[in-house]
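Residues per chain, in single letters:
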Amino acid sequence: MIEIKDNDISFIKKKECYLFFYFTAKWCGPCQRIKPLIQKLDEGLDDKKIEFYMIDIDNNDELSEEYDIKSVPTFILIHKEEIKGQCSGSDITKVHKLLKENI
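Residues numbered from 1 in each chain as written. Predicted model: local features only at pLDDT ≥ 70, side-chain atom pairs only at ≥ 80, totals over all residues. Heavy atoms only, no water.

## Regarding helix H1 (residues 29-44)
Part 1 of the argument: For H1, built from 16 residues, the straight-helix expectation of 22 Å at 1.5 Å per residue is met to within 8% by its first-to-last C-alpha distance of 24 Å.
Part 2 of the argument: Taking the largest bend as the criterion, H1 deviates by roughly 35 degrees, centred on Lys35, and proline Pro36 comes between one and four positions later.
Part 3 of the argument: Along H1, the residues classified as buried are Cys31, Ile34, Ile38, Leu41 and Asp42.
Part 4 of the argument: Considering only its buried residues, H1 is in contact with strand S2 (18-24), strand S3 (50-56), strand S4 (74-79) and helix H3 (92-102). (Helix = DSSP H or I, 4+ residues; strand = E, 2+ residues; numbered from the N terminus. Expected span 1.5 Å × (residues − 1). Bend = angle between axes of the 7 residues up to and from the residue. Buried < 20%, exposed > 50% of the residue type's maximum accessible area, 1.4 Å probe, protein only. Contact = heavy atoms within 4.5 Å.)

## Some details on the state of the cysteines
Part 1 of the argument: Counting across every chain of the model gives one disulfide.
Part 2 of the argument: Cysteine Cys87 is unpaired, with the sulfur of Cys31 as its nearest cysteine sulfur at 12 Å.
Part 3 of the argument: Overall, Cys87 belongs to the buried group, its relative accessible area being 14%. (Disulfide = S-S within 2.5 Å.)

## Comments concerning unusual backbone geometry
Part 1 of the argument: Between Val72 and the following residue, Pro73, the backbone shows a cis peptide bond with an omega angle of -5 degrees.
Part 2 of the argument: Among the secondary structure elements, Pro73 is positioned in the loop between helix H2 (61-66) and S4.
Part 3 of the argument: A positive phi angle, near 60 degrees, is found at Asp6, a position not held by glycine.
Part 4 of the argument: Among the structural elements, Asp6 can be located in the loop between strand S1 (2-4) and S2.
Part 5 of the argument: We classify Asp6 as exposed; its relative accessible area is 63%.
Part 6 of the argument: Non-glycine residue Asp68 carries a positive phi angle of around 55 degrees.
Part 7 of the argument: Assignment of secondary structure puts Asp68 in the loop between H2 and S4.

In structure tokens form, the structure reads like this:
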């Protein structure tokens, strides 16, 4: 999982694969509980099809505003600069559903 810093996602214009944004915070208990499960998903899926990015809302406030993040954890799936779906909360089944419905 790649950590985004300084609100910089300029690279997404070049990506052909799906992008999975995991908005999180160090102080968020549910975020920390689901993080190992997201890391397992990242390890288990082909990085030519999907890439995982962790975005700490405290270090990426502009990005959090741009994607209208109201709570953490929030997960957004993007393909070719278009949001394909999103979910929030620490229920991994919602994340699985988001991925299955779109990939």
